[in-house]
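Examination of the molecular architecture
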Amino acid sequence: LGSVIAYFTSAKFLLYLGHALSTWGDRMWHFAVSVFLVELYGNSLLLTAVYGLVVAGSVLLLGALIGDWVDKNARLKVAQTSLVVQNSSVILCGIILMVIFLFKTQLLTLYHGWLLTLCYILVITIANIANLASTATAITIQRDWIVVVAGEDRSKLADMNATIRRIDQLTNILAPMAVGQIMTFGSPMIGCGFISGWNLMSMCVEYLLLWKVYQKTPTLAHKSAKVEASELKQLNVKKESDVKPAEGVQLIIEKDVADFEPQQEKEVGCAARIAEPFITFRDGWVAYYNQPVFLAGMGLAFLYMTVLGFDCITTGYAYTQGLSGSVLSLLMGASAVTGIMGTVAFTWLRRKCGLIRTGLISGVAQFACLILCAISVFMPGSPMDLTVSPFADISARLFENKPLPTIAPPEPEMIFATGMPNLLNGSIAPANSDPEMIPEPVPLISVSLLFAGVIAARVGLWSFDLTVTQLLQENVIESERGIINGVQNSMNYLLDLLHFIMVILAPNPEAFGLLVLISVSFVAMGHIMYFRFAQKSLGKQLFVCHTPDPKAAPDSSPPGNTSTV
């Protein structure tokens, strides 16, 4: 009984609890805000698209600056500030949305509708601020606090990373389902009120939990402001020859700092203040490029350039191929299960083969499963026809002066846990009343293979994601964790943005097969980058699988970890 009580009061469990509350609120909000924006703007996806573009662009441009802010400030201050800003922004957004739902008719008549437009701009701006604060929270908790709480025990760090990811998987399915039921049986306004109330309560509890974790982990109070040789070891026991170059870097940096101190005493001019964010942005990307785990991070980012996931694009395509909303919901549940299996596989493989080899095995497993998706493109039932122009329907409507189709209100079962309504729901989706649009049993072979590959690939995907996450945690020096992980987030968003642009350029189902092949190619390129990183790190030991010593696993520390900004 004593050990059970000790676990439930430990810093590790309190960190899990705080993360679960935070993630639950995040998933509910990301899901609901997209639906709210669709309903508010005449059942059109315009506001949702603008919101997605603003969010992706903001993280892309400000990721390095957010990470730099995380590095330069005390841990508790960063965590509490980002927590308060994030939850306060969501609460404020919820209140504004409730006002819009209540007085939308009146707002349309005031100032020729400009007041309503201003409300839309406010909602998107404040929601974007909430997302940036959420990014800061994720960097400081998942990339910094968790490393400090784990201490020198790398096995404990791996287990904590896997548990955090399992929490993500569960909340990604359950939270949207919960808020979706409230919105279905209540109303959007009740949904806004519930989310605002939840975030207010959650903010108070999370604030207390952060303080408790901080008290139980005294090392969180000590944060390095400059490069030290001890930091370069991180969680690895390095050879004498590996430490000496790091000491040389320390001497150079200390000399530079000593030379620079008199200049800091001078008053900083206005131009320098204006240029500072741009310099930080540049230095962050340069530091990211100079990291020994750069290729591994790039490999992870390339996996975001894909339509082979349970986002609005893939589920919308499946709906046009005859799969119902209930079937797709079951498939999403299966993908969550395989994702959790991936976290279990990660911890087992890391113990048996070491961290870097775990990434290789996970990459091979993911790519092998995605081969099924590539095969599905050429199977019976695949609509791929590259002779059909992607813009044929749009051009016809423009020349005939017909309005483009709008999106009908999404039914509850067609709203998925991705935080986005189905893009191809409503009037764009095939009508069930038309017997010619109902597919024969045989054509389902193609879409079945597609989703079999996507679901099976989640095991390798999440295991690979955890591998790269831990490599960044272990091999990025403490004073650069924030800015490096901020740039990593920017890279992820950049490739994710490119995948949406790819869909915009080829939006029709006949071109989806081509998008699948491009996606598989990008996944392959990502894993080739990781293979090159592993080859540099392990050399001839790359394919020698052994059970590593838990105290010192040399295969998780790339040589020459001497990067500086």
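These numbers were taken from a predicted model, which means no experiment stands behind them.

1. Quick look at the overall build of the chain
Secondary structure summary: the chain contains 18 helices and zero strands in total. In the chain, buried positions account for 51% of the 565 residues. Restricting the contact set of the chain to residue pairs at least 6 apart, pairs at least 24 apart contribute 85%. For the chain, the computed accessible surface area is about 25700 Å², with 68% contributed by carbon and sulfur atoms.

2. Remarks on the pattern of salt bridges
Applying the stated criterion across every chain yields a total of eight salt bridges. When the shortest N-O distance is used, the salt bridge between Arg154 and Glu474 registers 3.3 Å. Remark: Glu474 occurs in helix α16 (residues 444-475) and Arg154 occurs in helix α6 (residues 154-185); sequence separation between them is 320 residues. Salt-bridge contacts for Asp283 lead to Arg282; the nearest nitrogen and oxygen are separated by 2.9 Å. Residue Asp283 is classed as partly exposed on the basis of its relative accessible area, which comes to 22%. Through salt bridges that share partners, Arg75, Asp144, Glu478 and Arg481 make up one connected network.

3. With respect to the side chain of Asp168
By the secondary structure assignment, Asp168 is in helix α6. Exposure remark for Asp168: the relative accessible area of 10% places this residue in the buried category. Excluding residues that lie within four positions of it along the chain, Asp168 makes contacts with His19, Thr23 and Arg27.

4. Focus on empty space enclosed by the protein
The gaps left among the atoms become clear once a water-sized probe is rolled over them. Under the criterion given, the structure shown has five cavities of 30 Å³ or more. Within this model, the largest cavity holds a volume of roughly 70 Å³. Lining the largest cavity are 13 residues, and of these Tyr317, Ser376, Ser382, Ser446 and Phe512 lie nearest its centre. Listing elements by their share of the lining of the largest cavity, those giving two or more residues are α16 and α18 (512-538). Residue composition of the lining of the largest cavity, by class: nine nonpolar, four polar and no charged. Space inside the second largest cavity adds up to approximately 50 Å³. Lining the second largest cavity, in full, are Gln142, Arg143, Ile146, Asn161, Ile164, Arg165, Leu466, Thr469 and Gln473. Listing elements by their share of the lining of the second largest cavity, those giving two or more residues are α5 (114-150), α6 and α16. Here the lining of the second largest cavity gathers at least three residues from each of two domains, domain 1 (1-220) and domain 2 (277-397 + 444-542).

5. Observations regarding the nonpolar core
The tendency in soluble globular proteins is for nonpolar side chains to be buried as a group. Among the nonpolar cores identified, the biggest contains 71 residues, and Val307, Leu308, Phe451, Val516 and Tyr530 are the most heavily contacted of them. In terms of residue count, the dominant contributor to this core is α16 (13 residues). Those residues in contact with Tyr530, other than ones at most four positions away along the chain, are Leu295, Ala296, Leu355, Ile356, Gly359, Leu360, Phe464, Thr467, Val468 and Leu471. The next biggest cluster of nonpolar side chains, apart from the first, holds 57 residues, and it includes Leu47, Ala130, Val149 and Leu210.

6. Here we look at the confidence of the model for the chain
Overall, the predicted model of the chain reaches an average pLDDT of 80, with 78% of residues at or above 70. Here residues 549-554 scores under 50 on pLDDT; set against residues more than four positions off or in separate chains, the count is eight contacts. Across residues 556-565, where pLDDT falls below 50, the model places 38 contacts with residues more than four positions away in sequence or in other chains.

7. Concerning helix α12 (residues 312-320)
Counting buried positions along α12 yields nine of nine residues, so the element is predominantly enclosed. Looking at α12, one finds that the buried residues are Cys312, Ile313, Thr314, Thr315, Gly316, Tyr317, Ala318, Tyr319 and Thr320. Of the residues flanking the end of α12, it is Gly322, one or two places downstream, whose phi is positive at about 105°.

8. Concerning the packing of helix α2 (residues 11-40) against helix α7 (residues 188-216)
Put simply, α2 and α7 touch, their axes get as near as 9 Å, and they point 155° apart. The angle between α2 and α7 places the two elements in the roughly antiparallel class. Handedness of the α2/α7 crossing: left-handed. In terms of residue class, the contact of α2 with α7 is made up of 18 nonpolar, five polar and four charged.

9. Here we look at the packing of aromatic side chains
One pass over the full model with this rule turns up 16 aromatic pairs. When the ring of Trp145 is compared with that of Tyr214, the centres are 6.3 Å apart and the planes differ by 40°; the resulting orientation is tilted. Linking Trp145 in helix α5 with Tyr214 in helix α7, this pair joins segments that are 69 residues apart in sequence. Members of the aromatic cluster, connected to one another through ring pairs, are Phe281, Trp285, Tyr288, Tyr289 and Phe294.

10. Focus on the packing of helix α11 (residues 294-302) against helix α17 (residues 481-505)
Two numbers describe a pair of packed helices, the interaxial angle and the distance between the axes. The contact between α11 and α17 brings their axes to 8 Å, and the two run at 35°. With respect to the hand of their crossing, α11 and α17 are arranged in right-handed fashion. Listed contacts from α17 to Gly297, Met298, Leu300, Ala301 and Phe302 of α11 are Gln488, Met491, Asn492 and Leu495. For the contact of α11 with α17, the per-class residue count stands at six nonpolar, three polar and no charged.

11. Describing the environment of Phe367
With respect to the element layout, Phe367 can be found in helix α14 (residues 355-376). Take Phe367: its relative accessible area is 29%, and that puts it in the partly exposed class. With 93 residues separating them in the primary sequence, Phe367 and Gly460 have C-alpha atoms 8.2 Å apart. Beyond its immediate chain neighbours, meaning those up to four positions away, Phe367 contacts Val520 and Ala524.

12. Considerations on the side chain of Ser196
Residue placement: Ser196 occurs in helix α7. Taking the relative accessible area as the measure of exposure, Ser196 reaches 9% and is therefore buried. Setting aside its immediate chain neighbours within four residues, Ser196 contacts Val90, Ile91, Gly94 and Ile95.

Rules and cut-offs
Residues numbered from 1 in each chain as written. Predicted model: local features only at pLDDT ≥ 70, side-chain atom pairs only at ≥ 80, totals over all residues. Heavy atoms only, no water. Helix = DSSP H or I, 4+ residues; strand = E, 2+ residues; numbered from the N terminus. Buried < 20%, exposed > 50% of the residue type's maximum accessible area, 1.4 Å probe, protein only. Contact = heavy atoms within 4.5 Å. Areas by Shrake-Rupley, 256 points an atom, 1.4 Å probe, with all protein chains shown as cover. Salt bridge = Lys/Arg side-chain N within 4 Å of Asp/Glu carboxyl O. 1 Å grid on protein atoms, 1.4 Å probe; cavity = no way out; pocket = protein on both sides within 12 Å on 5 of 7 lines; lining within 4 Å. Points joined across faces, edges and corners; volume = space filled by probe spheres on them. Nonpolar A, V, L, I, M, F, W, Y, C, P; charged D, E, K, R; others polar. Domains from an automatic or database assignment. Core = buried A, V, L, I, M, F, W, Y, C linked by side-chain atoms within 4.5 Å. pLDDT = per-residue confidence, 0-100. Axes fitted to C-alpha atoms, helices over the stretch in contact; angles between N-to-C directions. Parallel < 35°, antiparallel > 145°, perpendicular 65-115°, else oblique. Left-handed = near helix turned anticlockwise from the far one by under 90°. Phe/Tyr/Trp six-rings, centres within 6.5 Å; stacked < 30°, edge-to-face > 60°.

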